[in-house]
Amino acid sequence: MSENTAQMPIHSGFDPKTTAEEVIKDIDLQGKVAIVTGGYSGIGLETTRVLAHAGATVIVPVRTLEKGRESLKDIPNVEIAAMDLMNPASIDRFAEQFLENHDTLHILINSAGIMAPPLRRDNRGFESQFSTNHLGHFHLTARLWPALKRGNARVVAVSSRGHRLGAVDFNDPNFEDKEYDKWKAYAQSKTANILFALMLDKRGKEYGVRAFSVHPGLIPDTNLGRDLTKEEFGPKPVLDEHGQPVSNEQHNETKTIEQGAATSVWCAVSPALQGLGGVYCEDVDIAKARSASSPDPEGVEAWAINPEFAELLWKLSESLTGVKFTI
């Protein structure tokens, strides 16, 4: 088995202002099949657009077929199918339908997500952000595993710099025994995205499947913050144990949707990442690992790249979903 990829930049030649179109320039995806969750709005829509224009067949799961058709009507090479990430039966139906029509999947970008809503739960009682952002994608990826393995696929988990606001609470992930905090819940789900990519890559790389997690950037022109007031939207200062800010996060620059999709697309298609995986990426490069005392807003927290935590999350996810993800 190959060695783990170092969590440090590889100097990709791109920068925070790079767009998805610039990343995918000169890359031919004819004959490739991709799935992009959330691929009909925001950065997911831009991701779908550039993959399709590069020649890939892109399947987009949608909760509302009419909305999906309207958003995607002008993009070639796109198929849509119904799926709700908070509904396990819906995930199973989508995966079964996909596997009936496609035996191979080359790219899976888990881009759908929600951010900081009021406390909501799915029909199992699971907190909505953990359910949508992590558990639903865990379930979907498990069901698609046979096609991913045949495709030597890349799997991209769209996370967030918001993971820095909190780790996964393995004892109470669904806020049953503590007061709900929408930002802690969001951070937990985004940390889970990073840990999932880490463990999926560890388990899948001997089969040619590599996984990455991504911070797309702060992008105001999407529906992700639909539950937030104007004052609530934007980067949050990271506080230490004494409640004092330890980052200059408030000065973080925003990105356009085209720039926000760039890192996901880079992780999905870049030849520079051949043989690499399991790392958290931002600004179209592998990010650095942060030290606990660093005031730098960039990089990934130690708790999100801890292999023991990744193993615990995998087992917790199997237990909560009832889906045995055997690789």
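Because the structure is predicted, anything quoted here is derived from the model rather than measured. (Residues numbered from 1 in each chain as written. Predicted model: local features only at pLDDT ≥ 70, side-chain atom pairs only at ≥ 80, totals over all residues. Heavy atoms only, no water.)

Caption draft 1: Examining the overall build of the protein chain more closely. Regarding its fold elements, the protein chain presents 10 helices and eight strands. Restricting to contacts in the protein chain with at least 6 residues of sequence separation, those with at least 24 account for 74%. (Helix = DSSP H or I, 4+ residues; strand = E, 2+ residues; numbered from the N terminus. Contact = heavy atoms within 4.5 Å.)

Caption draft 2: Structural view of the sheet that holds strand β7 (residues 279-282). Read from one edge of the open sheet, eight strands run β3-β2-β1-β4-β5-β6-β7-β8, paired in mixed fashion. Since the sheet does not close on itself, it has two edges, and those belong to β3 (78-82) and β8 (285-286), each with one partner. Together, β1 (33-37) and β4 (107-110) form the strand contacts of helix α5 (residues 128-143), whose direction differs from that of β4 by roughly 170°. (Pairing = 2+ DSSP bridges. Axes fitted to C-alpha atoms, helices over the stretch in contact; angles between N-to-C directions.)

Caption draft 3: Representation of the state of the cysteines in the model. What the rule picks out here adds up to zero disulfides. Not part of a disulfide, Cys281 finds its nearest cysteine sulfur in Cys267, a span of 3.6 Å. (Disulfide = S-S within 2.5 Å.)

Caption draft 4: Up close: the confidence of the model for the protein chain. Summarising the model, the protein chain shows a mean pLDDT of 92, and 89% of its residues fall at 70 or more. pLDDT under 50 marks residues 246-251. Its contacts with residues more than four places away, or in other chains, come to 19 contacts. (pLDDT = per-residue confidence, 0-100.)

Caption draft 5: Structural context of the packing of helix α4 (residues 88-101) against α5. One can describe the packing of α4 onto α5 by two numbers: an axis separation of 9 Å at closest approach and a directional angle of 30°. Judged on the interaxial angle alone, α5 and α4 are roughly parallel. Where α4 crosses over α5, the handedness of that crossing is right-handed. Here α4 contributes Pro88, Ile91, Asp92, Phe94, Ala95 and Leu99 to the contact with α5, which in turn contributes Gly136, His139, Leu140 and Arg143. Grouping the amino acids of the contact of α4 with α5 by side-chain chemistry returns six nonpolar, two polar and two charged. (Parallel < 35°, antiparallel > 145°, perpendicular 65-115°, else oblique. Left-handed = near helix turned anticlockwise from the far one by under 90°. Nonpolar A, V, L, I, M, F, W, Y, C, P; charged D, E, K, R; others polar.)

Caption draft 6: Structural detail: the nonpolar core. Core analysis: the largest hydrophobic core is formed by 42 residues, its most contacted members being Leu105, Leu144 and Leu148. Secondary-structure elements contributing two or more residues to this core are β1, α4, α5, α6 (145-150), β5 (154-158), α7 (182-204) and α10 (307-321). Among the elements that take part in this core, α7 stands out by supplying seven residues, more than any other. Once residues lying within four places of it in the same chain are set aside, the contact partners of Leu144 are Ile35, Ala95, Phe98, Leu105 and Leu108. In this structure, Ala20, Ile43, Val156 and Cys267 belong to the second largest nonpolar core, which totals 37 residues. (Core = buried A, V, L, I, M, F, W, Y, C linked by side-chain atoms within 4.5 Å. Buried < 20%, exposed > 50% of the residue type's maximum accessible area, 1.4 Å probe, protein only.)

Caption draft 7: How the structure looks around the pattern of salt bridges. In this structure the tally under the stated criterion is 15 salt bridges. With a shortest N-O distance of 2.8 Å, Glu21 and Arg49 are connected by a salt bridge. You can see Glu21 sitting in helix α1 (residues 20-24) and its partner Arg49 sitting in helix α2 (residues 42-53), a full 28 residues away along the chain. A salt bridge links Lys73 to Glu70, with the shortest nitrogen-to-oxygen separation between them at 2.9 Å. Since its relative accessible area comes to 53%, Lys73 is described here as exposed. Salt bridges here are not isolated pairs; linked through shared partners, they connect Glu21, Glu46 and Arg49. (Salt bridge = Lys/Arg side-chain N within 4 Å of Asp/Glu carboxyl O.)

Caption draft 8: Layout of the pairing of β7. Judged by which residues are buried, β7 turns out to be covered on both faces: Val279 and Cys281 on one side and Tyr280 and Glu282 on the other are all buried. Bridge count for β7 against β8 is two bridges, and the pairing is antiparallel. Looking at the pairing, Cys281 lines up with Ile286 of β8. Here β7 hands over to β8 after two residues, with Asp283 in that stretch at a positive phi of 50°.

Caption draft 9: Highlighting the packing of aromatic side chains. Scanning the entire structure with this criterion turns up 10 aromatic pairs. Taken together, a centroid distance of 5.9 Å and an interplanar angle of 50° make the contact between Phe170 and Phe309 tilted. Residue Phe170 is located in the loop between β5 and α7, and its partner Phe309 is located in helix α10; the two are separated by 139 residues in the primary sequence. Taking relative accessible area as the criterion, Phe170 reaches 24% and is therefore assigned partly exposed. Taking relative accessible area as the criterion, Phe309 reaches 29% and is therefore assigned partly exposed. On the basis of an interplanar angle of 80° and a centroid distance of 5.3 Å, the ring pair of Phe175 and Tyr180 is categorised as edge-to-face. Owing to a relative accessible area of 6%, Phe175 belongs among the buried residues under this scheme. Three or more aromatic residues joined by ring pairs form one cluster here, namely Phe138, Trp145, Phe196, Tyr207, Trp314 and Phe325. Sitting over the face of the ring of Tyr207, Lys149 holds its NZ or CZ atom 5.2 Å from the ring centroid. For Lys178, the ring lying beneath its charged end belongs to Phe175, and the centroid distance is 4.3 Å. (Phe/Tyr/Trp six-rings, centres within 6.5 Å; stacked < 30°, edge-to-face > 60°. Lys NZ or Arg CZ within 6 Å of the ring centre and 35° of its normal.)

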